[in-house]
Amino acid sequence: MLKGVRIVDLSMGWAGPLSTRNLADLGATVIKVESCTNFDWWRSWEATQEWIDDDGAEKALPFLYVNRNKLDITLDLESNEGRELLLKLVASTDAVVENFSGSVLPKLRLDYPELKKANPELIMLSMPAFGATGPWKDFRAYGSTVEQSSGLPHLVGHADQSPTMQHIAYGDSIGGLNGTAALLIALWHKRQTGEGQFIDLSQVECLFPLSAPGILSQSAAKETPPRSGHDQKIDCPHGVFPVQGDDRWIFIHIKTDQEWQIFSSLVDELSDLNDLTLVERQRMSDKLFASIADWSCQQDGQVLMKMLQQNGIAAATLNNSDDLIENEHFQSRGYLQWLERAYVGNQPHPSPPWRNGTETIKIKEPAPTLGQHNAEILKDWLGLNEAELTGLKKRGIIGNKPRL
Amino acid sequence: MNSAAHSALESMRVIDLSGTVATEYAAKLFCDYGADVVNIEPEEGFQTRLLPPFIQGTSTSALHAYLNANKKSVSGPIEKNYLERFLRKSDLILYSLDDHKAMEAISATSANQCCISWYGASGAYSGYKGSDGCIQAMSGLMRGIGAPGEAPIIPPGYQAQIIGGLSAFNGSMAFLLGQLMGNLDEHFKLDCSILEANMCLTDLGPINRLNGNEIPPRMGINRFPPTYPLGVWPCKNGWLGVTALSPSQWKSFCQLLDLDEFIDIDFFDVSINRYMSIDVLEPAILKSLEEKDAEELFYRGQEMRIPLARVPTMEELLEIDQYKTRGAFTPIKSDSKAFLAPSSPFRLLKTPAVDHRVLAELGEHNGYLDKL
């Protein structure tokens, strides 16, 4: 779909590489640029010589699944030669993506004004945690820091507990999806006008739409939103209930009085309460929740989910990773695709989340190895000869193995 | 819009037939960058008009206003052939699989379509009922949140649908771009599953499992093995967000908290070792934090290159200089009242998002289809 779009990806970790993976999955050519000494930290943030000798850089699962369908070259950007080669590459590209903290690229003389000299029509997506401006623009952050800084934890969990994080790196995935969106808008504009531009994306601000009910409660309703646990103040019952087995649960969401009447007729203890209105259900929610839990804990989760769904009730078991692998729906949708990859063998990849018609988008290539496409890109695209390539290797500007 | 600026998507027309949080968020992204977005609403309006929070002293949903500012609203009975003619003149039609009227309207229409559904338009659960909680349960996100032995915690709001809408925007934009580039010469019909969009948060679980790795059970609030310290902790004044991944970040964190006794212990250089030693480390960390100011620790920690965070309440969030100076929250006007809402989280400097946001009244643009 995006054949003909070319992206140079300087980003590392999860957010930036996910933003470009989405484009690569859709057919764009994405060239990942690392160096042997400054390799993607998603390969490891605790690299040791033992890890290098064991080819650890090629075995990091998080790296493998977020960098599929890409090409990879190494360039020491701290050297003049490496920098010049990057500028040559940028000259023939649509967009550059980076997620360094603010001071890194200016130090390397590779910030947007410098890159634009090499390619006046360049799009550059910069996606640091706090954005490219403001007093915190150079502050360091991971996906977890992003979630913490967004205030979202103050909306999650129970009032008597700590503000609650939802994920080890919530900000990364959401930042990545937003990065894809921003690039696509800029690419559309470029195809229409020939004009590139700088995109300033703040990963923290990417989480604000997810906190919108809380933010709007404060700004529009003038009420401080509580951490209200399972009571989301709209529908009732809306909660998580135990089912048979150790740490097994089902989520049930009754949205209308009609659904309540159906649901209550299925639970012996609730059968006399099927005329309750929403307000009445909310008022006696503790009692209702206890009755539902007593009933649900005697049932198999999958069987109960199917029975409730057949009765038109929104219900879902709380899946773990094994459930996701075995789940009939995921299997019927072709959730996982398998690709052979050097050092790690056959590896699963989640399918892209869109399909045109009924067919899943096929994943073409596994993640590249470090510097796998050095020769192809430096020779075929940038016109270097074999001797020049050998020289770059000898001087450590390119390579295929990390160095500490 | 920014008066001097050009809007990137101003040549596009996008129709929302269903008005779910997911379709509206996807359409909002088009609208923010200049597309002409038209809501075709039933007489009573889209269901999002009923969702809290409401603008103080009114019955207007602030959430609906946030999702629909600057869109056109057409409502009431529309004759089928008339609607079809209009749909054919559009670049993209967004609708929900649960919306039978929309399904009927688009069935004979030749136009680009994006169907957003909870579980996808095919597969074993395609007919299942959904909600944000169902998606968070089924995707595996929910079971990791909360204390062991207690019911997992439900993420609040409409996060799953926002993620689904964002992902559907990406798919739709990519296919529209493919058409523009000559890579696709026919209309597309995208099937966007909110569940599959949300799997980007949890995909690593099954991948790890299929590689023989154990998946840790729910370990507790703000517990994310193998990383430690990572979480939200109380200080003398406010809450501090901590992530210390690398050995140097850990040592600096110890220095910041005056926990010198841990700095030179090589064993603690490795994150999983720190996680396994929570019983030793956490009491010391908590004791040190309770005597210190969160804001001061945040700034000193960032100076030391430790990724620390202020964890603001919603009230504090709206007053933070970093976000105010960037215009992270801008006003929306509705019912002659204005309130702050999140701005576009990315800024395209030459084609910025529209920054003047007004909510149309239901049916305000009823004559609009005649003009096209």
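Residues numbered from 1 in each chain as written. Chains lettered and ligands numbered in written order. Predicted model: local features only at pLDDT ≥ 70, side-chain atom pairs only at ≥ 80, totals over all residues.

**Concerning the overall build of chain B**
How we decide: Helix and strand definitions follow DSSP, with helices as H or I runs of at least four residues and strands as E runs of at least two, each counted in order from the N terminus. Residues with at least 20 neighbouring C-beta atoms inside 10 Å of their own are called buried, those with 12 or fewer are called exposed, and the rest are partly exposed, where every C-beta is derived from the backbone. Contact between two residues is assigned when their C-beta atoms, built from the backbone, lie within 7 Å.
Each helix and strand in chain B was counted, giving 15 helices and 13 strands. Overall size of chain B, expressed as C-alpha extent along the three principal axes, is 75 × 50 × 40 Å. The proportion of buried residues among the 372 residues of chain B is 54%. Across chain B, the fraction of contacts at a sequence separation of at least 24, relative to all contacts at a separation of at least 6, is 66%.

**Thoughts on the interface of chain B and chain A**
Going by this rule: Charged residues are taken to be Asp, Glu, Lys and Arg, nonpolar residues to be Ala, Val, Leu, Ile, Met, Phe, Trp, Tyr, Cys and Pro, and polar residues to be all remaining types, Gly included. DSSP bridges decide pairing: two strands pair if at least two such bridges lie between them.
Contact with chain B, which involves 118 residues of that partner, is made by 115 residues of chain A. Here the side of chain B that touches chain A takes 14 residues from helix H6 (residues 159–180) of chain B, the largest share from any one element. When its residues are assigned to classes, the side of chain B that touches chain A shows 74 nonpolar, 30 polar and 14 charged. Bridging between strand S12 (residues 354–356) of chain A and strand S6 (residues 189–193) of chain B involves three bridges; their strand directions are antiparallel. Along S6 of chain B, the bridge assignment pairs Arg 355 of chain A with Asp 191 of chain B.

**Concerning the environment of Val 204 of chain A**
Residue and element names in this part refer to chain A. Along the chain, Val 204 turns up in helix H9 (residues 203–206). Classification of Val 204 by C-beta neighbours within 10 Å gives buried; the count is 31. Considered as a pair, Val 204 and Val 66 are 138 residues apart in the sequence and their alpha carbons are 21 Å apart. Setting aside chain neighbours within four positions, we find Val 204 in contact with Ala 129, Phe 130, Val 146, Ser 149, Ser 150 and Gly 171.

**Some thoughts on the domain arrangement of chain A**
Selection criterion: Residue ranges labeled as domains rest on an automatic or database domain assignment.
Segmenting chain A into domains produces domain 1 (6–206 + 334–394) and domain 2 (238–326). Centre-to-centre, using C-alpha coordinates, domain 1 of chain A lies 42 Å away from domain 2 of chain A.

**Considering the environment of Cys 192 of chain B**
Within the secondary structure layout, Cys 192 of chain B lies in strand S6. With 28 C-beta atoms counted inside 10 Å, the residue Cys 192 of chain B sits in the buried group. Through-space distance from the C-alpha of Cys 192 of chain B to that of Gly 178 of chain B is 17 Å; in sequence the pair is 14 residues apart. Contact partners of Cys 192 of chain B, with chain neighbours within four places excluded, come to Pro 353 and Trp 354 of chain A together with Cys 114, Cys 115, Ile 116, Gly 164, Ser 167, Ala 168, Gly 171 and Ala 197 of chain B.

**Description of unusual backbone geometry**
Put simply, Cys 236 of chain A and Pro 237 of chain A share a cis peptide bond, and its omega is 0°. Tracing the sequence through the fold places Pro 237 of chain A in the loop between helix H10 (212–219) and strand S7 (238–242). Note the cis peptide between Tyr 228 of chain B and Pro 229 of chain B, where omega equals 0°. Within the secondary structure, Pro 229 of chain B is located in the loop between helix H8 (204–210) and strand S7 (230–234). If you check the backbone angles, Arg 109 of chain A has positive phi at about 55° while not being a glycine. The residue Tyr 343 of chain A is not glycine, and still its phi comes out positive at about 75°. Given 12 C-beta atoms within a 10 Å radius, Tyr 343 of chain A is considered exposed.

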